[in-house]
Structures are given as C-alpha cells and as structure tokens.
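Single-letter residue listing:
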Amino acid sequence: MERRASFRHWWIGIAFAVPQIVLIFTFFYWPAGQAVYWSMTLQQPWGGGNIWVGFDNFRQIFADALYWNSVALSTVFALFSTVLSMGLALMLAVFVDRELTGSKIYRVVMIWPYGIAAPALALAFRFIMAPEAGFLSFVNRLWPGLWDPGLDGTDAMISVIVAFSWKYVGYDFVFFLSALQGIPKALKEAAALDGAGWLRRLWDVQLPLLTPTVFFLLVIDITESFQDSFGIVDIMTSGGPARATELMVYKIYFDGFKGLDYSGAAAQSIILMGLIVALTVLQFRFIERRVHYK
Amino acid sequence: MKKTVLATVAVAALTLSTGAMAAEKTKFDFWFGLSGDLEKRVQEVCGRFNASQNEFEVVCTSQGNYDAALQNTIAAFRAGKQPTVVQVYDVGTATMMLSDAFVPSYELMEKNGHKVDWNDYIGGIAGYYASSKGQMFSFPFNSSTPLLYWNKGAFEKIGKTAAPKTWEEAHDDMVALQKAGYACPMAINVSANESWQLMEQFSAIHGEPIASKNNGYDGLDAELVFNKTKFVKYITDLKAWYDAGLVKIKSKDLGQDMVQAFAAGDCQMMMTSVGDHGTVGRTAKEGVTWDVAMLPVYQGVERKNSLVGGASLWTLKGKSEAEYKGAAAFLAFIAKPESALFWSTVTGYIPVTKSGFEFMKKEGFYDKAPYKGREAAIESLTFTPPTPLTRGIRLGNFTQIRAEVGNGLQAIFAGKEEVQPAIDGMVTRGNAVLRRFEATYKGKQLP
C-alpha cells in the first residue's frame, strides 16, 4: 500500500510551499516578467525613460539575417557538443563498468572537468588550441596554415565545441556509470551464459536499459549547451572570428551589456527561453515515449 | 589620584574627539575600469590625493575593465547606489551625454569655487569631451593616441634610420624587410579593438569623415560614411600586403599579441597606443632597439591631428553637496601639472593640458631614456587644430559599431568577403545601430 503524508489543516501544506514559491517568484517570475516588459519597449540604458514599441523588437530580430545565423550556430553547437560529450562519456563509462585497469581512479577523476569554472577551462583551451604557441601548433608545423581558429570560423567552432564537450563528458559519465551499475548483474550473466560476447550484451541488454539516462542527459546537455556555453565563447573567441561562434546566449550578452541595447537583448532572451521550453516539451512529448523506465 | 583620573578622562575625550574629526572626512566613491598594473597606478593617485589634504577621502574601486565599469555604474545608478565619480571610456561619451545622469564638469567646478582654465586643455582632447557649445562635460583622465612602433635595428639592416612617413614608403620598407629575411615586417590585429587605429584614427589623420553630420556632433541622425572614403583603399592595401606576407596578424588567440610580437623582435612594426610605450620598454627583448613615430599617411594627403583615446571622469547625479565638493577637489588635484607628470611617468599616458606638457618638458621628462619618444603622441594630437572631422566621434552605442568593424575586417582577412561589400556591410549594420539609438532617445538632442 502506498503511504502518503497528510496534514491536519489545509494551510500547512501551503505554508511549506511558500518559501519555495517566494524564491521562484523573486528569482524567476519577476525578472522574467520584467524582461518581457523590456522586450516590448525601448529602454534608455541609464533609466531615463522608455518608449512602448509593442512587438517591434521581435520583428526586427526575426528580420535580421545575423540573428538566424546565431540560431543556426547554436543548433550546430548543441548537436555536435551533445553527441560528442555523450558518446565519449558512454564509452568511458562502459570501460569503467567493465572494471578495466585503473577504473577505480577514473571513476573519481572523470567528474573533475565538470567542476572547473567555464572561464578557467576556456583559458586552458585557448592555450591548447593556439595555432602558434599552443599544443596544437605541431599541426601547423606539419601542414602550415591548416589550423587557425583566429581567422577560420570552422576551426573556432571546433575549438569551442571541444572545450564544452570536455566539460560535459565528466558530467554525463557519472550518470552513465551509475545507470550501468544499476543494471541487475543477473541479466548480464544470463546473457553471458547464452554465449553473448560483451559487445552483444552491451547492445542488446545494457543499452536498452540505459534509455532513461540517455534521454535525461539529452535534455540536460542540449539545454546547457544553449546557456552554459557563454563563458567558454566569451573567453575563447568573443563570438568571432567574423561571428563564426556568435551563439544566441553570447549575442544576448553582447547586445545587452556591451552594446547597451537592453530591449533588444531582453527580446532575444525571451525567444531563447521560449525555445528551451519548446525543446523540453517536445522531448518529453515525443522522445520520452520511446524510453522504458522499467 | 583624582588628578590622574581626570587626566585619563581628558586624554580619552581628546582621542575621541580627534577620532570623530577624522571620521568627519567626507568620503566619496570613484569607480574606474583599469586593472592590473594600471589599477595600482590609479590607487597611487588616490593615495596621493588623500594624503594631500584632510577634508576628503576618495575610495577608489576597480571594476575590472571599461565595459564592466560602465555596466556596473548603470546598474548602481538604477538602484540609487552610484559612485560620485566614474571613469568612462571614449566611445561611451555620446551615450553618457544623453544619459541625463551626470553633473557637467564645468558646472561642478564653478559651483565649488574651482577656477579651471578650460583653454589649457589640448584642443584634440577637449573637443572629444565638450558639448557643442564647448563646455567640458567630463574631465579627460588617461589619454592616449596611436603611434607607429618601429624596430630601429631591423630598419638599419635595410639602410634606414627613420620610420616611414607615408604608406607608400611603409610598403617599400616592408618589402625590403621581407627581402632582408624578416618574416613579419608589420604586425596588425583585426578585432573590434583595432577599429580604433585602423578605421577611426586613419580617418581622422587623413581628414576623412567617419559619419555624416560631422561624425555625429551635429545630430543623432548621422549616418556612417566610411565605405566611401580612403579607408576602403587602406583596407584593400592592407589585405594585399597581408596576402603578400608583408603584414601578419598577431592576436592573443594565436598565441602572441601585437605588442608581444613587437617586443620580442618577431615583428618589426606595429600600430598601437602610446599607452603601450611603457610595456614595450619593460618587456623588449635584449638587443631590440626601437622607437615610435606618428602613423603614416598616404602620399599627397595633408595630415590632420589624430584623435584622443582612453577615458574621462564623469561626475554622477544624486550625491550630496559635500561629496560634490570632494569630487571637485579630486578632479582639480588630478588636473595639476605635477599630477600629470606623476601619472605620465608611471603609465604611458600623455598629459592632457598644455601646461602639463610644458611642465613635463621643463622637467626633462622627454629627454630621459624610457620616456623619450612619447612626445610624438602630443605632436600627433596637435598636428593641426581640430577640424570638424577631427574633433572626435559622437555616435551612440559605438561599441556595437566597433564590433561590426571587427567582424567585417575578420571576414575580409579570412578571405570570406571582398573588401567593398564587407565595408558596405559594416556601414549598413552600423547604421541600424545608430537608428536604434536615435529611436531610444527620441526627441532628445546632443548637448
């Protein structure tokens, strides 16, 4: 029988919820509401006043080819970084799960990258990726001019994707590993008795049982790639060269805080919020159906 | 016994009262955008001011960089917690002037009984921070202008003892340097920051407009025009020289920025602020001999004065009379020739007043080794009296326009776009920024 907590008075439950509601209101609904208001006006940066413009800000943004450019770049970034970090994390988790040599150490060490602040990580990767002085400079010694994230947009994009993925490999790894270890040993052993090799067991037994984790990480990674990419882009490329890494979240920051176009930035952040909400709803509506929790 | 008690009480009372007197010092805040070594220098200036009198105490806080200083001040101003004095970079001037958030400097000084000889300010510097009526709205603080840094040793090898004066000459020198085996005759960088040397200063010294309405001074409806000026030829040439290996791009992303490349002797010329003079002097590799000169101009062009860069000090609204008195005293202190000498000695920045410059010359500042050559910056700034096109730039949200220039230049040098269409693109997009600014301040006029 299911046990439920119940309260004698109807208001006790509400009283317990109030602190949380106050927090969410102060730190989410209120600022988000303010952003909606700003996105419908032209705000003077110093607060001298504003002019109501309705949906003009949105119309301008949607008519701007460079905005769509940043949407496309964000999509590319989300896709590649999610696939890269989840793929690598799964591979590493499988190795550690099979208890290969050193797996105990890796189990601890692998989460560290996730704990590194984005700017610090980006500084390290800027050095690694620097074509003249960094670790990658040997590429240019073999093939001069091949690697140049300073001027070549594709190279710059690869750099930020690699840096971001590196951070999330650790995060994804922990979830994959715990999910792998949650699979009952009996299932694997039964398959082994039937003569299935480890690859077959992985494919037919373990992976299908991992789908809830895959789904969860897919949602988290894609959402984070839209938000958490900011620090890395800011330090490594500043959105350049020639806007090749100007992701949506960086464009919001630049237009708002550097360009002092608060209204345009507010409108962009409303769009980004809508996009993330839509993505999450979509994922839950359509992908979750294929997920087996039990 | 009684006497000692009395004496103790008296002493205690005395200490208390002096303590109270010390606490009566009026404190006021000054936020600035410099960091690292320059932050320490600003703190020294604050310390000197606090030690020079005992009425006021300025509390100086670095905000990390110019952008952050402006952002944080705006946020603080909206919350009513703004500092009394804030340092705002040159390109923020138009935005500041329309903000309605400041007390004009001339008014502040007048009200608090400080006599300032505004004509003492070097024309090119004053014009940037003054209203259309010529009244100074902010105090020039750290001021600079770009110079051509050149490697004397390398130039000796090609038989030259002077820096090139024209771009035609510079081109010949670069070819000669390349033939003499130098891999990087000139270092440049193409990002939003270099809009300053490559677009703004180039346009000024060639007497070319950046925007209509006298670079925005005469109205918010100004439009960018630098896609129809010599700037196009300049970028076309630079790109051709880049393709020929005469000009190399040096930036932090690549591992070595312009200043490092020049100081290490890897590149033989660069164009950067006089503010880097000190850094190059301190970090130059042993055996590297170098000097500075005014930026080259194209042959047949009548050179004009260059523009001032750097930042100025604004006094914000909403403070007490006592704080304004302190701010006025602080600004008057900074404007003294002795302060100018101190400031220019510990940084690479230039004096902003004629009397400061004369004082420094008299003290022999420009004859001594590490500072020698910096007078080229004053020569460049005062080459001609400021014309309507070389007074400065008065365009809103100019940071975004600089970003457009940076992005366009990157597209050109990456070979992704042709020069003319790319510069047309900068102008079109920059104009959109200007129209947005105009709409935000609908019905307002530049003072």
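Residues numbered from 1 in each chain as written. Chains lettered and ligands numbered in written order. Predicted model: local features only at pLDDT ≥ 70, side-chain atom pairs only at ≥ 80, totals over all residues.

1. Here's the deal with the overall build of chain A
Our working rule: Each helix is a run of H or I in the DSSP string that is no shorter than four residues. Each strand is a run of E no shorter than two, and both are numbered from the N terminus. A residue is called partly exposed when the number of other C-beta atoms within 10 Å of its own lies between 12 and 20, exposed at 12 or fewer, and buried at 20 or more, with C-beta atoms placed from the backbone. Residues are scored as being in contact if the C-beta atoms we place from backbone atoms lie within 7 Å.
Of regular secondary structure, chain A possesses 13 helices and 2 strands. By its C-alpha atoms, chain A is 75 × 75 × 30 Å across when sized along the principal axes. For chain A, buried positions account for 34% of its 294 residues. Intrachain contacts of chain A at a sequence separation of at least 6 include 67% that bridge at least 24 residues.

2. Overview of the overall build of chain B
If you tally the helices and strands in chain B, you get 19 helices and 11 strands. Considered along the principal axes of its C-alpha atoms, chain B spans approximately 95 × 55 × 40 Å. Sorting the 447 residues of chain B into buried and exposed places 50% on the buried side. Taking as baseline every contact in chain B between residues at least 6 positions apart, the subset at least 24 positions apart corresponds to 76%.

3. Concerning the pairing of strand β3 (residues 85–89) of chain B
On a regular strand, each side chain points to the face opposite its neighbour's, so the side chains alternate between the two faces of the sheet. Residue and element names in this part refer to chain B. This is how the line gets drawn: Following DSSP output, two strands are said to pair if at least two bridges run between them.
Most of β3 is tucked away: 5 of the 5 residues are buried. Residues of β3 alternate between two faces, with Val 85, Gln 87 and Tyr 89 on one and Val 86 and Val 88 on the opposite face, all of them buried. Relative to β3, strand β1 (residues 26–32) runs parallel, the two sharing 2 bridges. Looking at β3, one finds that Trp 31 is bridged to Val 86.

4. Quick notes on helix α3 (residues 65–97) of chain A
To keep it simple, the criterion reads: In this scheme, a helix's expected span is set at 1.5 Å multiplied by one less than its residue total.
Taking 1.5 Å of rise per residue, 33 residues should cover 48 Å, and α3 of chain A covers 47 Å from first to last C-alpha, within 8% of that figure. With its phi angle positive at about 55°, Glu 99 of chain A sits one or two positions after the end of α3 of chain A.

5. Observations regarding the interface of chain B and chain A
Convention followed: Lys, Arg, Asp and Glu make up the charged group, whereas Ala, Val, Leu, Ile, Met, Phe, Trp, Tyr, Cys and Pro make up the nonpolar group; the residues left over, Gly among them, are polar.
Facing the 30 residues of chain B at the interface are 26 residues of chain A. Counting only elements with at least two residues in the side of chain B that touches chain A, the list comes to α3 (66–78), α18 (398–413) and α19 (419–440) of chain B. Per-element tally for the side of chain B that touches chain A: the top contributor is α18 of chain B, with 6 residues. Its residues assigned to classes, the side of chain B that touches chain A comprises 10 nonpolar, 13 polar and 7 charged.

6. A short note on the packing of α18 of chain B against α19 of chain B
All names here are of chain B. Our working definition: Interaxial angles span 0 to 180 degrees and are taken between N-to-C directions of axes, which are lines fitted to C-alpha atoms, for helices over the stretch in contact. Working definition: roughly parallel below 35 degrees, roughly antiparallel above 145 degrees, roughly perpendicular at 65 to 115 degrees, and oblique for all remaining angles. Less than a right angle of anticlockwise turn of the near helix away from the far helix marks a crossing as left-handed, whereas a clockwise turn marks it as right-handed.
Interhelical geometry of α18 versus α19 gives an angle of 160° and a closest axis separation of 9 Å. Compared by their axis directions, α18 and α19 come out roughly antiparallel. In the packing of α18 onto α19, the handedness of the crossing is right-handed. In this structure, α18 uses Gln 400, Ile 401, Glu 404, Val 405, Gly 408, Ala 411 and Ile 412 to contact α19, whose residues at the interface are Val 419, Ala 422, Ile 423, Gly 425, Met 426, Arg 429, Gly 430 and Val 433. Of the residues assigned to the contact of α18 with α19, the class counts are 9 nonpolar, 4 polar and 2 charged.

7. Points about the environment of Ala 163 of chain B
All names here are of chain B. Take Ala 163: it is sitting in the loop between α7 (152–157) and α8 (167–179). Looking at Ala 163, the number of C-beta atoms within 10 Å reads 23, which means it is buried. In sequence terms Ala 163 and Thr 390 are 227 residues apart; their C-alpha atoms lie 24 Å from each other. Apart from residues lying up to four places away in sequence, Ala 163 is in contact with Leu 148, Trp 150, Asp 291 and Ala 293.

8. Observations regarding the domain arrangement of chain B
Residue and element names in this part refer to chain B. Quick reminder of the rule: Boundaries between domains were set according to an automatic or database domain assignment.
Under the domain assignment used here, chain B contains domain 1 (25–144 + 309–371) and domain 2 (146–306 + 385–440). Listing elements by their share of the side of domain 1 that touches domain 2, those giving two or more residues are α4 (93–97) and α6 (123–129). Among the elements that make up the side of domain 1 that touches domain 2, the one with the highest residue count is α6 (4 residues). For the side of domain 1 that touches domain 2, the class distribution of residues is 6 nonpolar, 10 polar and no charged.

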